[in-house]
Amino acid sequence: MQTNSTLLLIDDEHNLRQVLARVLELEGYKVLQAKNAREGFELLENHAEEVEVVLSDVKLPDDHGLNILRKVKEKYPLPEVILMTAFGTIQDGVSAMKQGPLIT
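The rules behind the values
Residues numbered from 1 in each chain as written. Predicted model: local features only at pLDDT ≥ 70, side-chain atom pairs only at ≥ 80, totals over all residues. Heavy atoms only, no water. Axes fitted to C-alpha atoms, helices over the stretch in contact; angles between N-to-C directions. Helix = DSSP H or I, 4+ residues; strand = E, 2+ residues; numbered from the N terminus. Parallel < 35°, antiparallel > 145°, perpendicular 65-115°, else oblique. Left-handed = near helix turned anticlockwise from the far one by under 90°. Contact = heavy atoms within 4.5 Å. Nonpolar A, V, L, I, M, F, W, Y, C, P; charged D, E, K, R; others polar. Pairing = 2+ DSSP bridges.

Visitor: Can you help me understand the packing of helix 2 (residues 37–46) against helix 3 (residues 65–75) in this one?
Guide: For any two helices packed against each other, one specifies the crossing angle of their axes together with the interaxial distance. Here helix 2 crosses helix 3 at 15 degrees, and the two axes come no closer than 12 Å. Classified by the angle between their axes, helix 2 and helix 3 sit roughly parallel to one another. Between helix 2 and helix 3 the crossing geometry is right-handed. Only Ile 68, Lys 71, Val 72 and Lys 75 of helix 3 make contact with helix 2, whose side of the interface consists of Ala 37, Phe 41, Leu 44 and Glu 45. For the contact of helix 2 with helix 3, a count of residues per class yields 5 nonpolar, no polar and 3 charged.

Visitor: Mind showing me how you'd approach the sheet that holds strand 1 (residues 6–10) here?
Guide: To summarise the sheet geometry, strands pair through backbone hydrogen bonds and adopt either a parallel or an antiparallel arrangement. Strand order in the open sheet formed by 4 strands is 2-1-3-4, with parallel pairing between adjacent strands. Each having just a single partner strand, strand 2 (30–34) and strand 4 (80–84) make up the two edges of the open sheet. Averaged over all adjacent pairs, the angle separating strand axes in this sheet is 20 degrees, with direction ignored. Sheet strands in contact with helix 1 (residues 14–26) are strand 1, strand 2, strand 3 (51–57) and strand 4, and its direction is about 165 degrees off that of strand 2.

Have a look at this one:
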């Protein structure tokens, strides 16, 4: 199945990132991988025209997923942003949903 969609995956856990990227590639996605927010934004800047989805861990060594969501939507309003975490809180979930559709 070829989707021709590009996804940016940001996660500091190397093994998890590799497995997730492989599964998404098998589903037909082109996956760009970043190990932290800084690297993710560099990739997004260089591939802004093609990235349709940003899939990011919430807890990263150099930023928080809610900040990533806000920054992506401010500068690049078209990609959808999906946040994932093993350490979620209700407060973070509510904040993410409130920030989600920041298309102006």
